[in-house]
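# A look at the structure
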Amino acid sequence: MAHAIDMSAIEQALNGFTIPPQPEILQHIQQQLDSPEPSIKRIAALINLDIGIAGFTLKVVNSSFFGLRQKITSVEHACKFLGVNRVLKLVRSVLLRFTLAEGRDDKFSLKLWSSALQTANIAMTLAKHFNFAQDIQDDCYSLGLFHNAGIALIHQQTTQYEHIMQRGLLAQQGYSEIEEQHFHTCHEVLGFLIAESWGLTPQLCNVIAYHHSPALMLESDSDTEKQLFALLKLAEHFAGESRQLFDINLDPEWEQYKSAMLEVLEIEPLQLPELAELLHRQQISTVYSV
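Residues numbered from 1 in each chain as written. Predicted model: local features only at pLDDT ≥ 70, side-chain atom pairs only at ≥ 80, totals over all residues. Heavy atoms only, no water.

Moving on, we come to the overall build of the protein chain. For the protein chain, the count of helices and strands is 18 helices and zero strands. The C-alpha radius of gyration computed for the protein chain amounts to 19 Å, which stays within 12% of the reference 19 Å derived for 290 residues, consistent with globular compactness. Its C-alpha atoms give the protein chain principal-axis dimensions of roughly 55 × 45 × 40 Å. Pairs at least 24 apart in sequence give 70% of the contacts found in the protein chain among residues at least 6 apart. When the accessible surface of the protein chain is summed, it comes to about 13800 Å², and 49% of that surface belongs to carbon and sulfur atoms. When the 20 basic and 34 acidic side-chain charges of the protein chain are each reduced to a single mean position, those positions are 11 Å apart. (Helix = DSSP H or I, 4+ residues; strand = E, 2+ residues; numbered from the N terminus. Rg over C-alpha atoms; globule rule 2.2 N^0.38 Å. Contact = heavy atoms within 4.5 Å. Areas by Shrake-Rupley, 256 points an atom, 1.4 Å probe, with all protein chains shown as cover. Lys, Arg positive; Asp, Glu negative; His and termini not counted. Charge placed at Lys NZ, Arg CZ, Asp CG, Glu CD.)

Take a look at the structure:
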């Protein structure tokens with residue numbers, strides 16, 4: 001497992017920022033799951049309290065990733081068919097997006113969540129293609145949506161975030177270096193705090209905390225962490241994340257550590273266009289199809 005987060009760094013990172021609390025709906029669902037006899041009807045009713053959350057969850061469930069032969073028409077049906085724990089992971093991710101994006105329709109916020117959604121879909125689809133364990137497949141969607149959640153918090157504090165990051169990245173500075181210099185925090189630590197407070201697994205929290213520290217993550221003694229990290233970086237590459245967010249075509253982390261990341265996933269560089277074609281058939285765009 002990657003090194004523990006420095007608590008003094010957390011205190012400094014939180015200065016001026018508020019981590020959005022886990023919504024009550026998640027707490028109530030977890031209480032149901034922890035009870036001796038969880039009620040699927042009650043859990044579905046809780047999710048259905050917000051039509052937007054329920055609708056988006058069903059949209060994901062009916063996507064090509066799950067490959068269901070018949071359309072799922074209700075949250076209760078989804079819970080029975082997929083299992084409550086899988087549906088909970090989807091709901092948590094959807095809630096994060098709705099919570100952090102609420103009331104924000106500026107250009108960068110829209111780009112951020114569009115990019116996160118694309119990365120999540122790519123990561124989940126590739127995890128299924130690689131025959132990863134079911135838990136990892138489901139976690140990949142959460143990882144895609146949560147990994148840049150800290151950016152949303154920083155952007156809420158300043159409209160200059162996009163411009164500052166673009167200038168710094170073009171000068172070949174690292175993400176955390178730029179953010180620490182200008183905002184006295186970084187989106188990795190803020191993302192870690194959100195993920196931890198929202199109940200994500202320790203492995204997911206660690207990957208989010210260090211997703212711009214490839215050398216550290218690739219030396220993790222946890223195979224799960226390394227798989228999740230390598231898959232996230234591959235998904236970011238396919239999504240063209242730096243181009244989407246900051247209109248630049250530089251991705252030094254990928255270029256420097258590509259071989260090691262692909263080795264973790266047990267694939268060759270020549271297979272990347274094939275994987276892009278696989279995603280294209282699932283109606284997911286990539287940098288290879290632009």
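Text resumes after the structure shown.
Further remarks concern the confidence of the model for the protein chain. On average, residues of the protein chain score 88 in pLDDT, and 94% of them reach the 70 mark or higher. Element-level pLDDT for the protein chain is lowest in helix 1 (residues 7-13), with a mean of 58, against a maximum mean of 96 in helix 15 (residues 223-239). (pLDDT = per-residue confidence, 0-100.)

Here we take up the environment of Phe132. Positionally, Phe132 belongs in the loop between helix 7 (107-129) and helix 8 (134-146). The class of Phe132 is buried, set by a relative accessible area of 10%. Remark: the alpha-carbon pair of Phe132 and Gln227, spanning 95 residues in sequence, is separated by 9.0 Å. (Buried < 20%, exposed > 50% of the residue type's maximum accessible area, 1.4 Å probe, protein only.)

The tendency in soluble globular proteins is for nonpolar side chains to be buried side by side. Formed by 103 residues in total, the largest nonpolar core has its most connected members in Leu126 and Leu234. Looking at this core element by element, the count peaks at 11 residues for helix 7. Not counting residues up to four positions away in its chain, the partners in contact with Leu234 are Leu126, Phe130, Trp254, Leu262, Leu265, Ile267, Leu272 and Leu275. (Core = buried A, V, L, I, M, F, W, Y, C linked by side-chain atoms within 4.5 Å.)

Packed helix pairs are characterised by how far apart their axes lie and by the angle those axes make with each other. Relative to each other, helix 7 and helix 9 (residues 149-157) sit at 175°, their axes nearing to 10 Å. Taken together, helix 7 and helix 9 sit at an angle that is classed as roughly antiparallel. Across the interface between the two elements, Phe108, Ser109, Leu112 and Trp113 from helix 7 touch Ile151, Ala152 and His155 from helix 9. Of the residues belonging to the contact of helix 7 with helix 9, the class tally is five nonpolar, two polar and no charged. (Axes fitted to C-alpha atoms, helices over the stretch in contact; angles between N-to-C directions. Parallel < 35°, antiparallel > 145°, perpendicular 65-115°, else oblique. Nonpolar A, V, L, I, M, F, W, Y, C, P; charged D, E, K, R; others polar.)

Turning our eyes to something else, we now look at the pattern of salt bridges. A full pass over the atoms with the stated rule returns 10 salt bridges. Across the pair Lys41 and Glu76 runs a salt bridge whose closest N-O atoms are separated by 3.6 Å. Of this pair, Lys41 sits in helix 3 (residues 40-48) while Glu76 sits in helix 5 (residues 75-82), and the two are 35 residues apart along the sequence. Residue class for Lys41 comes out exposed when judged on its relative accessible area of 57%. Between Asp138 and Arg86 there is a salt bridge, with the nearest N and O atoms lying 2.9 Å from each other. Linking Asp138 in helix 8 with Arg86 in helix 6 (residues 84-101), this pair joins segments that are 52 residues apart in sequence. One exposure class covers both Asp138 and Arg86, and it is buried. (Salt bridge = Lys/Arg side-chain N within 4 Å of Asp/Glu carboxyl O.)

At a minimum axis distance of 9 Å, the contact between helix 6 and helix 8 shows a crossing angle of 5°. Between helix 6 and helix 8, the interaxial angle falls into the category roughly parallel. Residue-level contacts link Arg86, Lys89, Leu90, Arg92, Ser93, Val94 and Leu96 of helix 6 to Gln134, Asp135, Asp138, Asp139, Tyr141, Ser142, Leu145 and Phe146 of helix 8. The residue makeup of the contact of helix 6 with helix 8, split by class, is six nonpolar, three polar and six charged.

This brings us to helix 6. Counted at 1.5 Å a residue, the expected span for helix 6 with its 18 residues is 26 Å, and the 25 Å between its end C-alpha atoms agrees. Counting buried positions along helix 6 gives 13 out of 18 residues, so the element sits mostly inside the fold. Immediately beyond the C-terminal end of helix 6, within one or two residues, lies Gly103, with a positive phi of roughly 75°. (Expected span 1.5 Å × (residues − 1).)

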